[in-house]
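Chain by chain, the residues run as shown.
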Amino acid sequence: MEFKHDYYAILGIPPHASEQAIKQAYRQLARRFHPDTSGEDQAVERFREVQEAYEVLIDPQQREVYDHWRRQQGWDRPPPLILRLTPSQQILPCLGEPQLLYLLIELSASEQVESRRLPLNLGLILDHSTSMKGARLQQAKEAAQYILEQMGPEDVLSLVAFSDHASLILPGRRGVDKAAARSAINSIRASGGTEILQGLKLGLEEVERWHTGAPGGQISHLILLTDGQTYGDEAGCLELARYAGQKHIPITTMGIGSDWNEKLLDQVATLSGSPGGSFYIDSSARIAQVFHERLQALGSTFAHSVSLSVHLGERVSLKEAFLVSPQINQLQFTDDRVLLGLLERHRPQAVMLELLIGSYGPGSHRLLQVAVEAQVPTVGSQPVRARQELTLTFSSDLDRRESVPIDIVTAMGKLVIFKMQERAMAEIEVGQIEAAVDRLKTMATRLLNLGETELARAALLEAGRLAHTGTLSSEGRKKIQYGTRGLSILPKEVHRDQVPLL
Amino acid sequence: MIKCPFCNHVYPEGTLFCEECGSYLAPSRAQATDPLTDQMTTEAERSRTDKSGFLTLVLSIEDGGTIELPLSKEVVLGRLDASRAIFPDVDLTAEGGIEKGISRRHARISRRAGQVFIEDLNSLNGTFLNAIRLVPELPYPLKDGDRVQLGKMILSVHLK
């Protein structure tokens, strides 16, 4: 039998409705739309629909066939994206002054999500300037070869090599010609200066060519690897990154060694939809590993073009927002929205909002609404949306404070170290060396408290260097910056039901 | 507004950590005592009828004196500061607490179900148990003869 209607919706009942519910709904609607007595618009049409729906649903055999058809259409599937909001308090005191509320927003894949590896539209942009000579370029080429080997018949791989100009080493093609690609990659030599804009432009162009029109959906992504500073074209790079963000083509930026501009690479990443920022590769030996990890991440990506919107109530303002998982980085909302890019099946993304709540009277108040939009190719081509409101109770005679959820306390503990690190870097920039030295020392203590001994040591070392020479070593600086970003949330084995009394 | 107990910076109510020094900010409202779960009350009863009920904590400070006190439920070690209303059970100021980097509320030794634990209370210079630095706010089992270090002060712990 040919179906095309949502019979449950026509009768206004849920898919698991009982026979009695079906009969009752039918009686009501039949009476309402009966052509002889109804004054309603399109009564004849509606009545016919109701009849048809009833006939199928009331017959157990026909209903079973219909339900099966519904499942095949994907109509009764639970949502693929789980959006969870956890505020630091559920009940707030009525205060005459603003108070701070933390909101942890977690985005994860539901168990129903298929574990199919989606086709990739991947563009590699490799720096082959003179400074990459030797082990660096060698490792980069090997990493590219590795990625090449992993590509399947449905994947598109393109490769751009750049120094002061860019060349398309491997034009994109669905189903790579691996033999030809191998020799093309091999032919890359180190020479020239560094102009990232050239590489970005050509790389983006190539990926954009294949961006739409893949049946079953695909993940478009760019990976940029560089070891140097670019001069004069920063603004151009940022503009391109913004454009990539609009098109939902996120760029993973990676810097190797210590001479590259982390600010620029960070911005290119975040503007294009990689909210975690850039990656730091400390030695050429690690290039392969990082590329491997990125490819794994792309392989387990189930949602792309993910964006998060937050609509605040009148008396609520956003103080700061951070990505806290899979790594820590500050987030900028533009027009209430932030791009989160790709979502992996086994790695949820978590965002922490620091909200300033104004004066509210006693009772429940709706403080804000969080909405997520994403493309989940295994579920269809229509965007998937999830929405949740945060409504909290305000009380004027609150004599006790509830315990703050431990997840929020631990996340904030790490976040505050990240903030101190950013502050210290800013102080160094404006020449407040003493303040920065103190801050780095305090950071080291906090890191020790968390058991992060290596990072603490690095911070102390740099604090000493800073005190003596007035500058940080570029390697030490990157180690601290990227180390604090990578502070992971405490494992859940630490069972603490509540924040201890102090 | 809440004030950071260590660096005096002021923050709106609800803020969890001081952004200047990273310390945990205790809420200004008193936290209510949460009702004991059944498991906890049975444990309490068990420890009450426990024959090893009376326990004395003996702290021998290296190159210093010895402090003996009964350990009924818990004992807080630190430095007395009347202006901030901090009155630890064991005040180490006289033993060189300030020079040795001891925080006002440094560590806590407690008893639960016949076991003794030590916990670092987010002290600035840390608490070490047999040379291992304790993760703050986590209880670690304490045995007779253990070596505890608060900041730079080394103590031998005996239980009798």
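First, a word on what this report is: a plain description of the structure on this page. Just so we're clear, the structure is a prediction, and the values are computed from it rather than from any experiment.

About the cut-offs
- Residues numbered from 1 in each chain as written.
- Chains lettered and ligands numbered in written order.
- Predicted model: local features only at pLDDT ≥ 70, side-chain atom pairs only at ≥ 80, totals over all residues.
- Heavy atoms only, no water.
- 1 Å grid on protein atoms, 1.4 Å probe; cavity = no way out; pocket = protein on both sides within 12 Å on 5 of 7 lines; lining within 4 Å.
- Points joined across faces, edges and corners; volume = space filled by probe spheres on them.
- Helix = DSSP H or I, 4+ residues; strand = E, 2+ residues; numbered from the N terminus.
- Nonpolar A, V, L, I, M, F, W, Y, C, P; charged D, E, K, R; others polar.
- Pairing = 2+ DSSP bridges.
- Buried < 20%, exposed > 50% of the residue type's maximum accessible area, 1.4 Å probe, protein only.
- Polar contact = N/O pair within 3.5 Å; in protein donor to acceptor, adjacent residues only side chain to side chain.
- Contact = heavy atoms within 4.5 Å.
- Disulfide = S-S within 2.5 Å.
- Salt bridge = Lys/Arg side-chain N within 4 Å of Asp/Glu carboxyl O.
- Phe/Tyr/Trp six-rings, centres within 6.5 Å; stacked < 30°, edge-to-face > 60°.
- Lys NZ or Arg CZ within 6 Å of the ring centre and 35° of its normal.
- Core = buried A, V, L, I, M, F, W, Y, C linked by side-chain atoms within 4.5 Å.
- Axes fitted to C-alpha atoms, helices over the stretch in contact; angles between N-to-C directions.
- Parallel < 35°, antiparallel > 145°, perpendicular 65-115°, else oblique.
- Left-handed = near helix turned anticlockwise from the far one by under 90°.

## Some thoughts on empty space enclosed by the protein
Residues and elements named next belong to chain A.
Piece 1. Enumeration according to the criterion identifies two cavities of 30 Å³ or more in this entry.
Piece 2. Empty space within the second largest cavity amounts to approximately 40 Å³.
Piece 3. Those elements that provide at least two residues to the lining of the second largest cavity are β10 (301-312) and β13 (337-344).
Piece 4. Within the lining of the second largest cavity, the residues separate by chemical class into four nonpolar, five polar and no charged.

## Describing the sheet that holds strand β12 (residues 147-150) of chain B
Backbone hydrogen bonds are what pair the strands of a sheet, in a parallel or an antiparallel way.
Piece 1. On the basis of which strands lie adjacent, the open sheet formed by six strands has the order β4-β3-β13-β12-β9-β10 (chain B) and antiparallel pairing. Only two strands of the sheet have a single neighbouring strand rather than two, namely β4 (66-70) and β10 (132-133) of chain B.

## A look at the side chain of Gln-327 of chain A
Residues and elements named next belong to chain A.
Piece 1. By the element assignment, Gln-327 lies in the loop between β11 (316-325) and β12 (329-330).
Piece 2. Of the residues examined, Gln-327 reaches a relative accessible area of 17% and is grouped as buried.
Piece 3. Only 2.6 Å separates the side chain of Gln-327 from the backbone oxygen of Gly-276, close enough to count as a polar contact.
Piece 4. Those residues within four positions of Gln-327 in sequence are excluded, and the remaining contacts are Gly-276, Gly-277, Ser-278, Phe-279 and Arg-485.

## Quick word on the state of the cysteines
One covalent bond between the sulfur atoms of two cysteine residues makes up a disulfide.
Residues and elements named next belong to chain B.
Piece 1. Under the definition given, this model contains zero disulfides over all chains.
Piece 2. Residue Cys-18 stays outside any disulfide, its sulfur separated by 3.4 Å from that of Cys-7, the closest cysteine.
Piece 3. Exposure remark for Cys-18: the relative accessible area of 0% places this residue in the buried category.
Piece 4. Of all cysteine sulfurs in the structure, the one in Cys-4 sits closest to Cys-21, which takes part in no disulfide; the separation is 3.5 Å.
Piece 5. Of the residues examined, Cys-21 reaches a relative accessible area of 14% and is grouped as buried.

## Concerning the pattern of salt bridges
All names here are of chain A.
Piece 1. Considering all chains together, one arrives at 34 salt bridges over all chains under this definition.
Piece 2. Arg-286 serves as the salt-bridge partner of Asp-282, at 3.6 Å between the closest nitrogen and oxygen.
Piece 3. Accessibility expressed as a relative area gives 44% for Asp-282, which makes it partly exposed.
Piece 4. Here Lys-419 ties to Glu-354 by a salt bridge, and the two come within 2.6 Å at their closest N and O atoms. One end of the pair, Lys-419, is in helix α11 (residues 406-429); the other, Glu-354, is in strand β14 (residues 349-357), and 65 residues separate them in sequence.

## Quick word on the packing of aromatic side chains
Residues and elements named next belong to chain A.
Piece 1. Under the definition given, this model contains ten aromatic pairs over all chains.
Piece 2. Ring geometry for Tyr-26 versus Tyr-54: centroids 4.0 Å apart, planes at 10 degrees, classification stacked. Note that Tyr-26 is positioned in helix α2 (residues 19-33) and Tyr-54 in helix α3 (residues 43-58), a separation of 28 residues in sequence.
Piece 3. A relative accessible area of 18% places Tyr-26 in the buried class.
Piece 4. Since its relative accessible area comes to 18%, Tyr-54 is described here as buried.
Piece 5. Measuring from ring centre to ring centre gives 4.9 Å for Tyr-360 and Phe-394, while their planes differ by 35 degrees; the resulting arrangement is tilted. A residue pair is termed long-range when its members are at least 10 positions apart, and Tyr-360 in the loop between β14 and β15 (363-375) and Phe-394 in strand β16 (residues 384-395) qualify at 34 residues.
Piece 6. Using a relative accessible area of 10% as the deciding quantity, one classes Tyr-360 as buried.
Piece 7. Among the aromatic side chains, those forming a connected cluster through ring pairs are Tyr-7, Tyr-8, Tyr-66 and Trp-69.
Piece 8. The ring of Trp-260 carries the charged tip of Lys-478 above its face, separated from the ring centre by 4.7 Å.

## A look at the sheet that holds β12 of chain A
Residue and element names in this part refer to chain A.
Piece 1. Across the sheet, which stays open at both edges, the five strands sit in the order β1-β3-β14-β11-β12 with antiparallel pairing between neighbours. The strands lining the two open edges of the sheet, one partner per strand, are β1 (81-87) and β12.
Piece 2. As judged from the seven bridges shared by β1 and strand β3 (residues 99-109), these two strands associate in the antiparallel manner. Looking at β3, one finds that Pro-87 is bridged to Leu-103.

## Here we look at the nonpolar core
Piece 1. Met-352, Ile-408, Met-412, Leu-415 and Leu-440 of chain A together with Leu-16 of chain B are the most contacted members of the largest nonpolar core, which has 39 residues in total.
Piece 2. Sorting the residues of this core by element identifies β3, β11, β14, α11, α12 (433-449) and α13 (453-469) of chain A as the ones contributing at least two each.
Piece 3. Per-element accounting of this core gives the leading share, twelve residues, to α11 of chain A.
Piece 4. Not counting residues within four places of it along the chain, the set of residues in contact with Leu-415 of chain A comprises Phe-322, Val-324, Ile-328, Met-352 and Glu-354 of chain A.
Piece 5. Of all hydrophobic cores here, the second largest spans 38 residues; its members include Val-113, Leu-308, Tyr-360 and Val-372 of chain A.

## A word on the packing of α11 of chain A against α12 of chain A
All names here are of chain A.
Piece 1. Put simply, α11 and α12 touch, their axes get as near as 8 Å, and they point 160 degrees apart. Regarding the angle of α11 to α12, the classification is roughly antiparallel. Regarding α11 and α12, the two cross each other, and that crossing is left-handed. Residues Ile-417, Met-420, Gln-421, Arg-423, Ala-424, Glu-427 and Ile-428 of α11 touch α12, and the partners they reach there are Ile-433, Ala-435, Ala-436, Arg-439, Leu-440, Thr-442, Met-443, Arg-446 and Leu-447.
Piece 2. Across the contact of α11 with α12, the residue classes break down as ten nonpolar, two polar and four charged.

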